[in-house]
Amino acid sequence: MPRHLLQLEGLDAPALTALLDRAESFIPAARGEAAAPASLADKLVANLFFEDSTRTRLSFEAAAARLGARSLALQGSGSSASKGETFLDTALNVEALGVDAIVVRTDLSGGPAQLAQHVRCAVINAGDGRHEHPTQGLLDCLTIRRALGGFQGATIAIVGDIANSRVARSALHALTTLGAKVRLIGPPTLMPKSFVQVPAVAENVSISNDLDANLHDLDAVMMLRVQLERAAGGSIASDYRVQYGLTRDRAARLPARCIVMHPGPVNRGVEVDDDVADDRRRSQILLQVTHGVAVRMAVLDYCLSR
Ligand code: CP
């Protein structure tokens, strides 16, 4: 049976910790400071990206290369999807090329899970609609663990367009499972009630529409990208920065220990001011990208090593 990574919901703390520990061991190789064992030397990984990506696609390629695997790349534009070939047919044809894993990004929530029922190779979710972005959730956890030393007692704010964010869903599941408290902060229109109706996580999760009232005791603040390409993006109030942007003034009111995170791409001057995004004492934004390579090495290794 292939091993897939389809979502973080349902993974327990030992499983999450094992992936984070493995990723931690790959950080020197992800930085290019040490060689990793070529444990995937005979493996072929197909990256199917039906939505745009910079960080996730390239870091999966980097991760595969660091472990000795070869990557094939297919993007939605330029593929036969433009001629009407379905998502499933495309993936089945890619599997027929003899690949060992399919890394897939799609706007179809649940698309990777559907695919996993039809293929014999490993399937790794690189972001599916509004559902999950599990490797982003893992790299966020790795970044927090390295900066704070752990999750117990930590208070993490996830701020912004929660309703449309697969990043928020993956982070919420992983952080609460690992023992952190999560505050979801954003406009009422972008705050799905379903997030706190999950009994297992509800006691560690609070919801607020007031960012200013929550700044004083945070250990980490994860600013989400306003998803301008999704339906709700167009209806975001024009004063988003005034209400929910991490401005220089708001950053000054965070505790000194508090780190600033953003999954990228950043809408500068909307979610985060330039000064805050570029403050290397606090901002983890580029570290998150490096940790993303280590996490994807760990995930490829988990899915493909035997
Ligand atoms: N964070 C993230 O998923 O970035 P990309 O869309 O560039 O992959």
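Just so it is clear, the model here is predicted, and its values are computed rather than measured. (Residues numbered from 1 in each chain as written. Predicted model: local features only at pLDDT ≥ 70, side-chain atom pairs only at ≥ 80, totals over all residues. Heavy atoms only, no water.)

1. A look at empty space enclosed by the protein
This model, assessed by the stated rule, comprises one cavity of 30 Å³ or more. Space inside the largest cavity adds up to approximately 70 Å³. Forming the walls of the largest cavity are Arg55, Ser59, Gln136, Leu139, His262, Pro263, Gln288, Val289, Gly292 and Arg296. The set of elements that each furnish at least two residues to the lining of the largest cavity consists of helix 2 (55-66), helix 5 (134-148) and helix 11 (285-304). Top contributing element to the lining of the largest cavity by residue count: helix 11, with four residues. Residues that form the lining of the largest cavity fall into these classes: three nonpolar, five polar and two charged. (1 Å grid on protein atoms, 1.4 Å probe; cavity = no way out; pocket = protein on both sides within 12 Å on 5 of 7 lines; lining within 4 Å. Points joined across faces, edges and corners; volume = space filled by probe spheres on them. Helix = DSSP H or I, 4+ residues; strand = E, 2+ residues; numbered from the N terminus. Nonpolar A, V, L, I, M, F, W, Y, C, P; charged D, E, K, R; others polar.)

2. Digging into the pattern of salt bridges
Side chains bearing opposite charge may pair, as long as their charged atoms lie close to each other. A full pass over the atoms with the stated rule returns 17 salt bridges. Between Asp212 and Arg253 there is a salt bridge, with the nearest N and O atoms lying 3.2 Å from each other. Residue Asp212 is located in the loop between strand 7 (205-208) and strand 8 (220-223), and its partner Arg253 is located in the loop between helix 9 (248-252) and strand 9 (259-261); the two are separated by 41 residues in the primary sequence. (Salt bridge = Lys/Arg side-chain N within 4 Å of Asp/Glu carboxyl O.)

3. Observations concerning the site of the ligand
Neighbouring residues of the ligand: Ser53, Thr54, Arg55, Thr56, Arg105, His133, Gln136, Pro263 and Gly264. Between Thr54 and the ligand, the recorded distance is 2.8 Å, taken from a backbone N or O atom to an oxygen atom. In the environment of the ligand, an oxygen atom lies 2.9 Å from a nitrogen or oxygen atom belonging to the side chain of His133. Burial of the ligand by the protein chains amounts to 91% of its free accessible area of 250 Å². Assessed atom by atom at 2 Å from the grid points, the ligand resides in the largest pocket. In terms of residue class, the shell around the ligand is built from one nonpolar, six polar and two charged. (Near = heavy atom within 4 Å. Polar contact = N/O pair within 3.5 Å; in protein donor to acceptor, adjacent residues only side chain to side chain. Areas by Shrake-Rupley, 256 points an atom, 1.4 Å probe, with all protein chains shown as cover. Sits in = over half its atoms within 2 Å of the grid points.)

4. Things to note about the packing of helix 1 (residues 13-30) against helix 11
It is the contact of helix 1 with helix 11, at a shortest axis distance of 7 Å, that shows an interaxial angle of 120°. In terms of their interaxial angle, helix 1 and helix 11 are classed as oblique. In terms of crossing hand, the pair formed by helix 1 and helix 11 is right-handed. Contacts between helix 1 and helix 11 involve Leu19, Arg22, Ala23, Phe26, Ile27, Ala29 and Ala30 on the former and, on the latter, Thr290, His291, Val293, Ala294, Val295, Met297, Ala298, Asp301 and Tyr302. (Axes fitted to C-alpha atoms, helices over the stretch in contact; angles between N-to-C directions. Parallel < 35°, antiparallel > 145°, perpendicular 65-115°, else oblique. Left-handed = near helix turned anticlockwise from the far one by under 90°. Contact = heavy atoms within 4.5 Å.)

5. Focus: the pairing of strand 3 (residues 101-106)
In terms of residue burial, strand 3 counts as a mostly covered element, since six of its six residues are buried. Neither face of strand 3 is exposed, since Ala101, Val103 and Arg105 on one face and Ile102, Val104 and Thr106 on the opposite face are all buried. Of the strand pairs in this sheet, strand 1 (residues 44-49) and strand 3 are connected by five bridges, and their pairing is parallel. Bridging across to strand 3, Val45 finds its partner in Ala101. Two elements, strand 3 and strand 4 (residues 122-128), share five bridges in a ladder whose sense is parallel. Looking at the pairing, Thr106 lines up with Asp128 of strand 4. (Buried < 20%, exposed > 50% of the residue type's maximum accessible area, 1.4 Å probe, protein only. Pairing = 2+ DSSP bridges.)

6. A closer look at the sheet that holds strand 5 (residues 155-159)
Taken together, the five strands give an open sheet; going across it, the order is 7-6-5-8-9, and neighbouring strands pair in parallel fashion. Every interior strand has two partners, whereas the edge strands, strand 7 and strand 9, have only one. Strand-to-strand, the axes of this sheet are offset by a mean angle of 20°, without reference to chain direction. Inspection of the sheet shows strand 6 (residues 181-185) paired to strand 7 by four bridges, in the parallel sense. Bridging from a neighbouring strand, Leu184 pairs with Ile207 of strand 7. Running over the sheet, helix 5 touches strand 5, strand 8 and strand 9 and is turned about 170° from strand 9.

7. Topic: unusual backbone geometry
Note that the residue after Gly264, namely Pro265, is joined by a cis bond; omega there is -5°. Looking at the element boundaries, Pro265 is found in the loop between strand 9 and helix 10 (274-277).

8. Focus on the domain arrangement of the chain
You can read the domains of the chain as domain 1 (13-132 + 289-304) and domain 2 (134-288). Taking only C-alpha atoms, the centre of domain 1 and the centre of domain 2 are 25 Å apart. Opposite the 30 residues of domain 1 that make contact, domain 2 presents 30 residues. Where domain 1 abuts domain 2, roughly 2,500 Å² becomes buried across the two surfaces, and 55% of that area is made up of carbon and sulfur atoms. Across the contact surface, domain 1 and domain 2 share four salt bridges. Among the ionic pairs, Glu24 bridges to Arg146, the shortest N-O distance being 2.3 Å. The tally of links between domain 1 and domain 2 comes to 19 residue pairs in polar contact (both at pLDDT 80 or more). Looking at the side of domain 1 that touches domain 2, the elements that each hand over two or more residues are helix 1, helix 2, strand 3, strand 4 and helix 11. (Domains from an automatic or database assignment. Buried area = accessible area lost by both parts, 1.4 Å probe.)

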